[in-house]
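Descriptive analysis of the structure
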Amino acid sequence: MVMRKGPWMAEEDEILIEYVRKHGPRDWSSIRSKGLLPRTGKSCRLRWVNKLKPDLKTSGCKFSPEEERIVIDLQARFGNKWARIATYLPGRTDNDVKNFWSTRQKRLARILRTPLPSRSSKNHGKTPISSHEVAHLEVINQTDCIES
DNA sequence: AATTGCACCAACCGCACAAGA
DNA sequence: TTCTTGTGCGGTTGGTGCAAT
């Protein structure tokens, strides 16, 4: 069977959901060996965990300030243990947390690189910095000073 | 109107680890 | 004991849409 890669089609999702309904979320690699889907076990598992599993928050649902706070706090405690951090956030997956964090890191890196905007200048419609982020930024700044 | 920069998201890859042959 | 296979995790990339230029 020719292996498929890339985005999942609705029909593939249906097959995967049906497989999990019958067999549970395990034996991912037998989905391919049984000829049900031309996808690797890894790909099937990832699709299930991140998109198809029940009780997930719908994609496009932004992190709330509370969720943000939790991630920032837990990342400081555990490091980049996204799967672990995700267990504290109902409906979020490790991928969600990871994506949230890396977007945030890029944004913070850019803010640190550029001079502070004047009071009158617009924020270009970008996500504003929340107060707890400002606090965290100060920590990063101090760390940078120590490191450099 | 076209281009650019950014945020967000989905899915891949490589590595590590555990279980079983 | 070593090798193989399946699974889970973290890092990363590539695509899309939108707002600003």
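Placed above this text is the structure.
Now for a description of the structure that goes with this document. Since the model is a prediction, treat every value here as computed from it, not as a measurement. (Residues numbered from 1 in each chain as written. Chains lettered and ligands numbered in written order. Predicted model: local features only at pLDDT ≥ 70, side-chain atom pairs only at ≥ 80, totals over all residues. Heavy atoms only, no water.)

1. Thoughts on the protein's contact with DNA strand B
Which entries qualify depends on this criterion: Near, as used in this document, describes a residue that has one of its heavy atoms within 4 Å of the molecule or strand being considered. Whenever two N or O atoms come within 3.5 Å, that pair is a polar contact, provided that in protein one can donate a hydrogen and the other can accept it, and provided that, for residues adjacent in sequence, both atoms are side-chain atoms. By definition, any uninterrupted DSSP run of H or I lasting at least four residues is a helix, any uninterrupted run of E lasting at least two residues is a strand, and each is numbered from the N terminus. Polar here means any residue outside two lists: the nonpolar Ala, Val, Leu, Ile, Met, Phe, Trp, Tyr, Cys and Pro, and the charged Asp, Glu, Lys and Arg; Gly therefore counts as polar.
Around DNA strand B lies a shell of 20 residues, among which Lys5, Lys42, Arg47, Lys51 and Lys62 are the nearest. Taken together, the sugar and phosphate atoms account for 63% of what DNA strand B places within 4 Å of the protein. Interatomic distance of 2.9 Å between a backbone N/O atom of tryptophan 8 and a phosphate oxygen of DNA strand B. Where the surface near DNA strand B is concerned, the elements lending two or more residues are α3 (41–52) and α6 (94–113). Partitioned by chemical class, the residues of the surface near DNA strand B number 4 nonpolar, 7 polar and 9 charged.

2. Focus: the nonpolar core
Worth spelling out the cut-off: Side-chain atoms within 4.5 Å link the members of a nonpolar core, which is a set of buried Ala, Val, Leu, Ile, Met, Phe, Trp, Tyr and Cys residues. Summary of the burial criterion: residues with accessible area below 20% of their type's maximum are buried, those above 50% are exposed, and those between are partly exposed, where the area comes from a 1.4 Å probe applied to protein chains only.
Counting 12 residues, the largest nonpolar core consists of Phe63, Val71, Ile72, Leu74, Phe78, Trp82, Ile85, Ala86, Leu89, Val97, Phe100 and Trp101. Elements with a contribution of two residues or more to this core: α4 (65–78), α5 (82–86) and α6. If one sorts the elements of this core by residue count, α4 sits on top with 4 residues.

3. A short note on the packing of helix α1 (residues 10–23) against α3
Any two packed helices are characterised by the angle at which their axes cross and by the distance between the axes. Put simply, the rule is: To get an axis, fit a line to the C-alpha atoms, keeping to the stretch in contact for a helix; angles then go from 0 to 180 degrees between the N-to-C directions. Put simply, angles under 35 degrees are roughly parallel, angles over 145 are roughly antiparallel, angles from 65 to 115 are roughly perpendicular, and the rest are oblique. In this description, contact between two residues means that some pair of their heavy atoms is separated by no more than 4.5 Å.
With their axes 11 Å apart at the nearest point, α1 and α3 run at an angle of 90° to one another. One finds that α1 runs roughly perpendicular with respect to α3. Contact with α1, carried on its side by Asp13, Leu16, Ile17 and Val20, involves Cys44, Arg47, Trp48 and Leu52 of α3 and no other residues of that element. Residues of the contact of α1 with α3, tallied by class, amount to 6 nonpolar, no polar and 2 charged.

4. Remarks on the packing of α4 against α6
Contact geometry of α4 with α6 gives a least axis separation of 11 Å together with a crossing angle of 85°. What the angle tells us is that α4 and α6 run roughly perpendicular. Touching Glu68, Val71, Ile72 and Gln75 of α4 are Val97, Phe100, Trp101 and Arg104, all from α6.

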